[in-house]
Amino acid sequence: MLVVIKDNFEEMSKESAKLLASLVRRKPDCVLGFATGSTPLGMYKELIRLHKEEGLDFSKVITFNLDEYVGLPPSHEQSYHYFMWENLFKHINVDPRHVHIPMGMAENIEEFCLWYEEKIDECGGIDLQILGIGANGHIAFNEPGSSLGSRTRIKTLSDQTCEDNARFFENKDEVPKYAITMGVGTIMQAHELLLMASGVAKADAIKATVEGPIMAKYPATIVQLHEFATVLVDRDAASKLEGSYSGF
Ligand code: PGA
């Protein structure tokens, strides 16, 4: 596992966009795994700039997103469909037929999850999976206690996650209680992982992820076993690490 520490959110975002862009240039039909949340927003901004100013071409790229709330239509402002189109896809030349985001309105969720796994395989697997991390060590919606071998499935969101999300909805009853998420095992099958974190609120989770024992209590710790994993963080998120790590 390679640990890269950058000075701040902006530098971390630029570095991640550089890594992703170099893959797209090397392999124009690569399969990218995208994440939502505040962490990748700076990277998405920089990718849009690279597309508009330097002609970075996404026309052959295939994408898979990590997760989506159950019960929210793609048009809902809090859905991850909406997030991805607003913050990235509508600003670049990705082919909408190449975009895959779990369907929170699927009639048969179990069948959908199987289809999603098959579709990833059919596309040759994910070349590069982008990951954020929760302060509690979750990756995607694999909350603490998730099986480290899990596949795409429906998960009940933790009380903490529901409480954190309540501010985005007009009333409490609207807050989704379930999500479809790639499993920890699904994520580990990506050829390369790029886990990002910024800010002191993530420092404990990053310490556990990089230096702690591997355990279901912190699903992110499993990335220690991935052959090609990079943990890209800013100084604040790295502030509790004890080992010495070099930047580049
Ligand atoms: P954040 O969320 O990027 O908004 O901090 C990350 C996560 O919870 O996975």
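Residues numbered from 1 in each chain as written. Predicted model: local features only at pLDDT ≥ 70, side-chain atom pairs only at ≥ 80, totals over all residues. Heavy atoms only, no water.

A few points about the overall build of the chain
Of the regular secondary structure elements, the chain holds seven helices and 10 strands. On C-alpha atoms alone, the chain measures out to a radius of gyration of 17 Å, which is about the 18 Å that the 2.2 N^0.38 rule sets for 248 residues. For the C-alpha atoms alone, the extent of the chain along its principal axes is close to 50 × 40 × 35 Å. Here the contacts in the chain between residues at least 6 apart in sequence split such that 80% fall between residues at least 24 apart. If you sum the accessible surface of the chain, you get close to 11,600 Å²; carbon and sulfur atoms cover 51% of it. Positive and negative side-chain charges in the chain, numbering 24 and 36 respectively, have mean positions lying 4 Å apart. (Helix = DSSP H or I, 4+ residues; strand = E, 2+ residues; numbered from the N terminus. Rg over C-alpha atoms; globule rule 2.2 N^0.38 Å. Contact = heavy atoms within 4.5 Å. Areas by Shrake-Rupley, 256 points an atom, 1.4 Å probe, with all protein chains shown as cover. Lys, Arg positive; Asp, Glu negative; His and termini not counted. Charge placed at Lys NZ, Arg CZ, Asp CG, Glu CD.)

Digging into the site of the ligand
What surrounds the ligand is the set Gly 37, Ser 38, Thr 39, Gly 132, Ile 133, Gly 134, His 138 and Lys 202. A distance of 2.5 Å separates an oxygen atom of the ligand from a polar atom in the side chain of Thr 39. Within the side chain of Lys 202, a nitrogen or oxygen atom sits 2.6 Å from an oxygen atom of the ligand. In the complex, the protein chains occlude 72% of the 280 Å² of accessible area that the ligand would expose alone. When atom positions are compared with the pocket grids, the ligand is found to occupy the largest pocket. The residue makeup of the shell around the ligand, split by class, is one nonpolar, six polar and one charged. (Near = heavy atom within 4 Å. Polar contact = N/O pair within 3.5 Å; in protein donor to acceptor, adjacent residues only side chain to side chain. 1 Å grid on protein atoms, 1.4 Å probe; cavity = no way out; pocket = protein on both sides within 12 Å on 5 of 7 lines; lining within 4 Å. Sits in = over half its atoms within 2 Å of the grid points. Nonpolar A, V, L, I, M, F, W, Y, C, P; charged D, E, K, R; others polar.)

Examining the environment of Val 70
The topology assignment puts Val 70 in the loop between strand E4 (67-69) and helix H3 (80-87). Val 70 sits in the partly exposed class, given a relative accessible area of 21%. Distance in space between the C-alpha atoms of Val 70 and Glu 174 is 11 Å, their sequence separation being 104 residues. Apart from residues no more than four positions distant in its own chain, Val 70 is found in contact with Gly 104, Ile 109, Ile 154, Pro 176, Tyr 178, Ala 179 and Ile 180. (Buried < 20%, exposed > 50% of the residue type's maximum accessible area, 1.4 Å probe, protein only.)

Topic: the side chain of Ser 146
Residue position: Ser 146 is located in the loop between strand E6 (128-131) and strand E7 (153-156). Reaching out from Ser 146, the side chain makes a polar contact with the side chain of Lys 155 at a distance of 3.5 Å. Ignoring anything within four residues of it in the chain, the contact list for Ser 146 reads Arg 153, Lys 155, Val 184, Ala 216 and Pro 219.

Quick look at the packing of aromatic side chains
The tally for this structure, following the rule as stated, stands at 10 aromatic pairs. Three or more aromatic residues joined by ring pairs form one cluster here, namely Phe 34, Tyr 44, Trp 85 and Phe 89. (Phe/Tyr/Trp six-rings, centres within 6.5 Å; stacked < 30°, edge-to-face > 60°.)

Remarks on the pairing of E7
Of the two faces of E7, the one holding Arg 153 and Lys 155 is buried and the one holding Ile 154 and Thr 156 is not buried anywhere. Bridge count between E7 and strand E8 (residues 178-181): four bridges; the pairing is antiparallel. Residue pairing across strands places Lys 155 opposite Ala 179, the latter belonging to E8. (Pairing = 2+ DSSP bridges.)

Overview of the sheet that holds E7
Taken in spatial order, the three strands make up an open sheet running E4-E8-E7, and their pairing is antiparallel. Single-partner strands in this sheet number two, and they are E4 and E7. Taking each pair of neighbouring strands and ignoring which way they run, the sheet shows an average axis angle of 30 degrees. (Axes fitted to C-alpha atoms, helices over the stretch in contact; angles between N-to-C directions.)

Points about the nonpolar core
If you look at the biggest cluster of nonpolar residues, it comprises 69 residues, and the most contacted ones within it are Leu 20, Leu 47 and Ile 206. Take this core: its biggest share by element is six residues, from helix H1 (residues 9-26). Beyond its immediate sequence surroundings of up to four residues, Ile 206 is in contact with Ile 133, Leu 195, Ala 197, Glu 211, Val 231, Val 233, Ala 237 and Leu 241. Core analysis: the second largest hydrophobic core is formed by nine residues, Tyr 69, Phe 169, Val 175 and Ala 179 among them. (Core = buried A, V, L, I, M, F, W, Y, C linked by side-chain atoms within 4.5 Å.)

A short note on the layout of surface pockets
One number sums up the size of the largest pocket: a volume of about 840 Å³. Lining the largest pocket are 30 residues; nearest its centre among them are Gly 37, Ser 38, Tyr 80, His 138 and Asn 165. Elements represented by at least two residues in the lining of the largest pocket include exactly E4, H3 and helix H5 (159-165). Residues that form the lining of the largest pocket fall into these classes: 12 nonpolar, 13 polar and five charged. (Points joined across faces, edges and corners; volume = space filled by probe spheres on them.)

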